[in-house]
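# Results of the structural survey
Next come the chains, spelled out residue by residue.
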Amino acid sequence: MVKLVLGDSSEAKMQRISLSNNTIQRITDMSEDVKEQILNEIKASPLFSFQVDESTDISSCAQLLVFVKYIHSDDIKEEFLFCSGLESTTKSEDIMEKINAFFETGGLKWENVCGVCTDGAPSMLGSKSGFQKKVKELAPQAKGIHCMIHRYARASKTLPIPLQAVLDSVIKIVNYIKSGAFNTRLFKELCKDMDSNHEVLFFYTAVRWLSKGNVVNRFFELKDEIKLFLDVQEKHDLLVYFNDKAWLERVAYLADILEQQNKLNLKLQGKETNIIVFHENLCAFLSKLQNWRRKVNIGNIAMFEKLCSVVDESGGEINKKLKEEIVGHLESLEKELERYFPKLKEEETTFTRNPFSASLDITNIPNELQDEFIDLRNDSSARNLFNEKLLTQFWCSMYHSYPNVTMLAFRILIPFVSTYLCESGFSTLLWLKTKERNQLNVENDMRLALTNTQPRISRLVDKLQFQPSH
């Protein structure tokens, strides 16, 4: 094939490539090379943080995933550090033992750790023997952070009893249609016949952050099809809900508010985020809640499109009782978010966000750094760089000129604020370690699948003996 497509010279080159399985698939060698590069980069960084989480794979083995964040090439870099199985228990001692052993063999220093992010499990956050407490014993200046996406998911669970009852009834109807293969097929055919935009409903799963909003939204979009299906099936105990105008209005409101919550949740996910970006999104959402509550109080529900459409169809105004429920829900949601996310001190982030801000009070800067900070504020070239570069790139470029002030900014920018990378890493783990490969040691495969660093192929090839195919 190569000869026909590319010619004789390419054929000759291809013939010199060894077809030996252990020559081509040198996963271990490439993984070790990537690991060596990452460790050298971390050692060269003044500070680094890491996120850690554990989950069970297909063979019921607990797998520990660790990602790291550090300074490299004038920017902040996020990388996969290692994956390791927990042979017996998953206590904080076991996790600490694995990470400490890796740090010792890799030559990483605990005093350079500026943050550790975990989920809310007792083994991680326990005040007496939790993993974060053990980290702070070795790195006293490290910030212990409870994953902010997990915190947001918990804060968002608050629903008044009437709205919770409506949500339960929606899930009950969805489960009736989705629980049996026959009903699922019939409903799909019905949607096809009605030229619906969708053909299937979603299941609700408590552990999936976005599923509640997706279920209610899809349910509302297919409410006419669902009503017809239940009528054909003569499920009068479920059909009775659709004849209740107040129930439909509450379903519409749930679809609207859960959609808004899902939008915020998606903004919090992803790579290369920090506490400044997170709090900006959260503060914006809190302001929206306050504004929505004010509007609902005066009878304005235009921001809730689905609820507005249901109310308009009935030709009336929003029910007084429903208005009180919405106002109460928005207020309780706001309080829960404020309870889970104490207000970040403005002076902690203003300096990092914009060191040239006129509103920044120099007394908020530590005494020993004030002279250096004044030099930075009056550096015109630094001001130009601030306007031209991303925030992380700007601070990384300032490290050699203003190291002490920059370290203060790094302690805000480098710590992880969520375990998003670990959560997405577990998806890769499920893809690699399947039922057919349940005995696979996945560390090297995981590193090559998740790393941003390329193995140095030329260097690896130079270490091998060339053996052309026969």
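Counting from 1, residues in each chain are numbered in the order their sequence is written. The predicted nature of this model means local features are confined to residues of pLDDT at least 70 and side-chain atom pairs, given and counted, to a pLDDT of 80 or more, with totals for whole chains, interfaces and linings taken over all residues. Note that water and hydrogens are dropped before the side-chain values are worked out from all heavy atoms of the structure.

## Description of the overall build of the protein
Selection criterion: The helix count covers DSSP runs of H or I at least four residues long, the strand count covers runs of E at least two residues long, and both are numbered beginning at the N terminus. Exposed residues in this analysis have more than 50% of their type's maximum accessible area, buried residues have under 20%, and partly exposed residues fall in between, with area computed by a 1.4 Å probe over protein chains only. By definition in these notes, contact holds between two residues if any of their heavy atoms fall within 4.5 Å. Computed with a 1.4 Å probe, the accessible areas rest on the Shrake-Rupley method; for each residue, only the protein chains presented here act as cover. For the purpose of charge, His is not counted, nor are the chain termini; Lys and Arg are scored as positive and Asp and Glu as negative. To locate a charge, take atom NZ for lysine, CZ for arginine, CG for aspartate or CD for glutamate.
The helix and strand inventory of the protein stands at 25 helices and five strands. With respect to the three principal axes, the spread of C-alpha positions in the protein is 75 × 70 × 50 Å. Here the protein holds 470 residues, and the buried ones make up 46% of them. Taking as baseline every contact in the protein between residues at least 6 positions apart, the subset at least 24 positions apart corresponds to 68%. As presented, the protein carries roughly 24600 Å² of accessible surface, and 49% of it is formed by carbon and sulfur atoms. Put simply, the protein has 59 plus and 64 minus side-chain charges, and the middle of one group is 2 Å from the middle of the other.

## A closer look at the pairing of strand β4 (residues 113-118)
What counts, and what does not: By this definition, two strands are paired if DSSP reports at least two bridges between them.
By the criterion of burial, β4 is predominantly enclosed, with six of the six residues buried. Two elements, strand β1 (residues 48-56) and β4, share four bridges in a ladder whose sense is parallel. Following the sheet pairing, Phe-48 is matched in β4 by Val-113. In this sheet, strand β5 (residues 143-146) lies alongside β4 in parallel orientation, the contact comprising four bridges. The residue of β5 that forms the bridge with Gly-115 is Lys-143.

## With respect to the environment of Leu-64
Mapped onto the elements, Leu-64 comes out in strand β2 (residues 62-72). Between the C-alpha atom of Leu-64 and that of Ile-95, which follows or precedes it by 31 residues, the distance is 7.6 Å. Setting aside anything within four residues of it in sequence, one finds Leu-64 in contact with Val-52, Asp-53, Glu-54, Phe-82, Cys-83, Ser-84, Leu-86, Ile-95, Lys-98 and Ile-99.

## Some details on the nonpolar core
Heads up, the condition is: We call a set of buried Ala, Val, Leu, Ile, Met, Phe, Trp, Tyr and Cys residues a nonpolar core when their side-chain atoms join them within 4.5 Å.
Formed by 103 residues in total, the largest nonpolar core has its most connected members in Ile-226, Phe-304, Leu-307, Leu-337 and Trp-395. Apart from the residues lying within four places of it in its own chain, the contact partners of Phe-304 are Tyr-253, Asp-256, Ile-257, Trp-292, Val-296, Ile-326 and Leu-330. Of all hydrophobic cores here, the second largest spans 29 residues; its members include Leu-39, Ile-95, Ile-99 and Val-116.

## Looking at the packing of helix α5 (residues 92-106) against helix α7 (residues 131-138)
Each pair of packed helices gets described by two things: the angle between the helix axes and the distance between those axes. This is how it is decided: The axes used here are C-alpha line fits, helices contributing only the stretch in contact, and every angle between their N-to-C directions lies in the interval 0 to 180 degrees. Roughly parallel means an angle under 35 degrees; roughly antiparallel means over 145; roughly perpendicular covers 65 to 115; every other angle is labelled oblique. By convention, the crossing between two helices is left-handed when the near helix turns anticlockwise from the far helix through less than a right angle, and right-handed when the turn is clockwise. Each residue gets one label: Ala, Val, Leu, Ile, Met, Phe, Trp, Tyr, Cys and Pro are nonpolar, Asp, Glu, Lys and Arg are charged, and the others, such as Gly, are polar.
For the pair α5 and α7, interaxial distance at closest approach is 9 Å and the crossing angle is 40°. The orientation of α5 with respect to α7, classified from their angle, is oblique. Crossing hand, α5 versus α7: right-handed. Residues Ser-92, Glu-93, Ile-95, Met-96, Ile-99 and Asn-100 of α5 touch α7, and the partners they reach there are Phe-131, Lys-134, Val-135 and Leu-138. Within the contact of α5 with α7, the residues separate by chemical class into six nonpolar, two polar and two charged.

## Examining the sheet that holds β5
Ordered by their spatial adjacency, five strands build an open sheet running β3-β2-β1-β4-β5, and the pairing between neighbours is mixed. In this open sheet, the two edge strands, each paired with only one partner strand, are β3 (75-86) and β5. Within this sheet the neighbouring strands show an average axis-to-axis angle of 20°, counted without direction. Of the pairings in the sheet, the one linking β2 to β3 comprises 11 bridges and is antiparallel in character. Bridge pairing in β3 places Val-68 opposite Glu-79. Here helix α4 (residues 27-44) sits on the sheet in contact with β1, β2 and β3, set at roughly 50° to β2.

## Re the side chain of Asn-274
Within the fold, Asn-274 resides in the loop between α14 (245-268) and α15 (275-297). For Asn-274, a relative accessible area of 9% gives the class buried. Those residues in contact with Asn-274 that sit more than four places away from it in its chain are Leu-413 and Val-417.

## Points about unusual backbone geometry
With phi around 65°, Ser-60 is a residue other than glycine that occupies positive phi space. Residue Ser-60 is classed as exposed on the basis of its relative accessible area, which comes to 63%.

## Quick word on the packing of aromatic side chains
To keep things clear, this is the line we draw: Aromatic pairs are defined between Phe, Tyr and Trp rings, using the six-membered ring for Trp, whenever the two ring centres lie within 6.5 Å; interplanar angles under 30 degrees are classed as stacked, those over 60 as edge-to-face, and all others as tilted. Look at NZ for Lys and CZ for Arg. If either is within 6 Å of the ring centre and within 35 degrees of the ring normal, a charge sits over the ring.
If you walk through the whole model with that rule in mind, you get 23 aromatic pairs. Ring geometry for Phe-219 against Trp-247: centres 6.1 Å apart, planes inclined by 80°, an arrangement best described as edge-to-face. One end of the pair, Phe-219, is in helix α11 (residues 211-221); the other, Trp-247, is in helix α14, and 28 residues separate them in sequence. Considered together, Phe-219 and Trp-247 belong to a single accessibility category, that of buried residues. Members of the aromatic cluster, each reached through a chain of ring pairs, are Phe-351, Phe-356, Phe-373, Phe-386, Phe-394 and Trp-395. The residue whose ring lies beneath Lys-69 is Phe-416, and the NZ or CZ to ring-centre distance is 5.4 Å. In this structure, Lys-223 is placed above the aromatic ring of Phe-220, and the distance from its NZ or CZ to the ring centre is 4.2 Å.

## Quick notes on the packing of helix α10 (residues 181-193) against helix α12 (residues 223-232)
With their axes 10 Å apart at the nearest point, α10 and α12 run at an angle of 125° to one another. When the interaxial angle is binned, α10 and α12 end up oblique. Here the hand of the crossing between α10 and α12 comes out right-handed. Of the residues in α12, those in contact with Asn-183, Leu-186, Phe-187, Leu-190 and Cys-191 of α10 are Glu-225, Ile-226, Leu-228 and Phe-229. Of the residues assigned to the contact of α10 with α12, the class counts are seven nonpolar, one polar and one charged.

## Here we look at the side chain of Gln-260
Note that Gln-260 resides in helix α14. Dropping the residues within four chain positions of it, Gln-260 is found in contact with Phe-285 and Trp-292.

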